[in-house]
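Chain by chain, the residues:
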Amino acid sequence: NFELPESVRREPTPRLIVNFFADLHGPEDPEAGRDLGIALVEFPAENSAQAEAALQQALRVLEPAVRRVPDDLPALEAYCTALSRAGKNQEALHHAIKLVEQSPENSVRLSLAASIAYAANRHDLFARYLQKAVSLNPHFDSYHYWLGRDHVAHARLDRAIESFQR
């Protein structure tokens, strides 16, 4: 069993994030940072010092990875998620638009881009991306629910009822 040193456990925000696989790539290998960033985005999005430390570390390693290889879609998706969680919605949207342009047939990425567009107050993009996600995956109830909520917000009640009934 691995246990953090006492000095680290006592700190409100841990100073380190352990990368158990660093020796496979070498500590300076940018791909190790990219992989770590993707993994850190999977850390639960909760309000804790550990979650915040994981988010900040993910942003630090994913930004250069996305800059280095702009068409690395898993890294770009993780970077969009991290930016959105950090409240950087406009920057997240900028990258989410690129993500959708590079994978327009991926309903999960369209849904991510839609949620980022919603947070960035771009309801036109929210509706467009979500409608496309519904067309690709019409059996995923969550897409219909959020599309219905958008219809309600814009007083399109007949369309909202239709979305909610699916």
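Values in this document were obtained by computation on a predicted structure and should not be read as measured data. (Residues numbered from 1 in each chain as written. Predicted model: local features only at pLDDT ≥ 70, side-chain atom pairs only at ≥ 80, totals over all residues. Heavy atoms only, no water.)

In contact at an axis separation of 8 Å, helix 3 (residues 30–41) and helix 4 (residues 49–68) are set at 130 degrees when each is read in the N-to-C sense. The angle between helix 3 and helix 4 places the two elements in the oblique class. With respect to the hand of their crossing, helix 3 and helix 4 are arranged in left-handed fashion. Residues Pro30, Glu31, Gly33, Arg34, Leu36, Gly37, Ile38, Leu40 and Val41 of helix 3 touch helix 4, and the partners they reach there are Ala54, Gln57, Ala58, Val61, Leu62, Ala65 and Arg68. Taken together, the residues of the contact of helix 3 with helix 4 break down into 10 nonpolar, three polar and three charged. (Axes fitted to C-alpha atoms, helices over the stretch in contact; angles between N-to-C directions. Helix = DSSP H or I, 4+ residues; strand = E, 2+ residues; numbered from the N terminus. Parallel < 35°, antiparallel > 145°, perpendicular 65-115°, else oblique. Left-handed = near helix turned anticlockwise from the far one by under 90°. Contact = heavy atoms within 4.5 Å. Nonpolar A, V, L, I, M, F, W, Y, C, P; charged D, E, K, R; others polar.)

Most peptide bonds take the trans form, and the phi angle of most residues other than glycine is negative. Positive phi is not limited to glycine here, since asparagine 121 has a value of about 60 degrees. Within the secondary structure, asparagine 121 is located in the loop between helix 7 (107–119) and helix 8 (123–136). Looking at asparagine 121, the relative accessible area reads 58%, which means it is exposed. (Buried < 20%, exposed > 50% of the residue type's maximum accessible area, 1.4 Å probe, protein only.)

Okay, the environment of alanine 82 next. With respect to the element layout, alanine 82 can be found in helix 5 (residues 73–85). Along the primary structure alanine 82 and glutamine 56 are separated by 26 residues, whereas in three dimensions their C-alpha atoms are 8.3 Å apart. Aside from chain neighbours lying at most four places away, what touches alanine 82 is Val41, Leu55 and Leu59.

Moving on to the packing of helix 8 against helix 9 (residues 141–153). Close contact between helix 8 and helix 9 brings their axes to 10 Å; oriented N to C, the two are set at 145 degrees. At the point where helix 8 passes helix 9, the crossing takes the left-handed sense. Touching Phe126, Ala127, Leu130, Gln131, Ala133 and Val134 of helix 8 are Tyr143, His144, Trp146, Leu147, Asp150 and His151, all from helix 9. Taken together, the residues of the contact of helix 8 with helix 9 break down into eight nonpolar, three polar and one charged.

This brings us to the packing of aromatic side chains. According to the stated counting rule, one finds three aromatic pairs in the structure shown. Ring plane angle 55 degrees and centroid distance 5.1 Å describe the contact between tyrosine 118 and phenylalanine 126, whose orientation is recorded as tilted. You can call phenylalanine 126 buried: its relative accessible area is 5%. (Phe/Tyr/Trp six-rings, centres within 6.5 Å; stacked < 30°, edge-to-face > 60°.)

On to helix 5, then. Spanning 13 residues, helix 5 covers 18 Å between terminal C-alpha atoms, matching the ideal 18 Å at 1.5 Å per step. Among all positions of helix 5, only Leu73, Ala75, Leu76, Ala78, Tyr79, Cys80, Thr81, Ala82 and Leu83 are buried. Packing partners of the buried residues in helix 5 comprise helix 3, helix 4, helix 6 (89–102) and helix 7. Downstream of helix 5 by one or two residues, glycine 87 has phi in the positive range, about 80 degrees. (Expected span 1.5 Å × (residues − 1).)

It is worth spelling out the nonpolar core at this point. If you look at the biggest cluster of nonpolar residues, it comprises 37 residues, and the most contacted ones within it are Leu62, Ile116 and Tyr129. Looking at this core, the elements that each hand over two or more residues are helix 3, helix 4, helix 5, helix 6, helix 7, helix 8 and helix 9. Examining the composition of this core, we find that eight residues originate from one element, helix 5, more than from any other. Ignoring sequence-local partners within four residues, the contact set of tyrosine 129 consists of Ile97, Val100, Leu110, Ala113 and Ala114. (Core = buried A, V, L, I, M, F, W, Y, C linked by side-chain atoms within 4.5 Å.)

Further remarks concern the pattern of salt bridges. Summed over all chains, the structure comprises eight salt bridges. Two residues, arginine 156 and aspartate 150, come together in a salt bridge whose shortest N-O distance is 3.0 Å. Arginine 156 sits in the partly exposed class, given a relative accessible area of 26%. Shared partners join several salt bridges into a network, and the residues in it are Arg34, Asp35 and Asp72. (Salt bridge = Lys/Arg side-chain N within 4 Å of Asp/Glu carboxyl O.)

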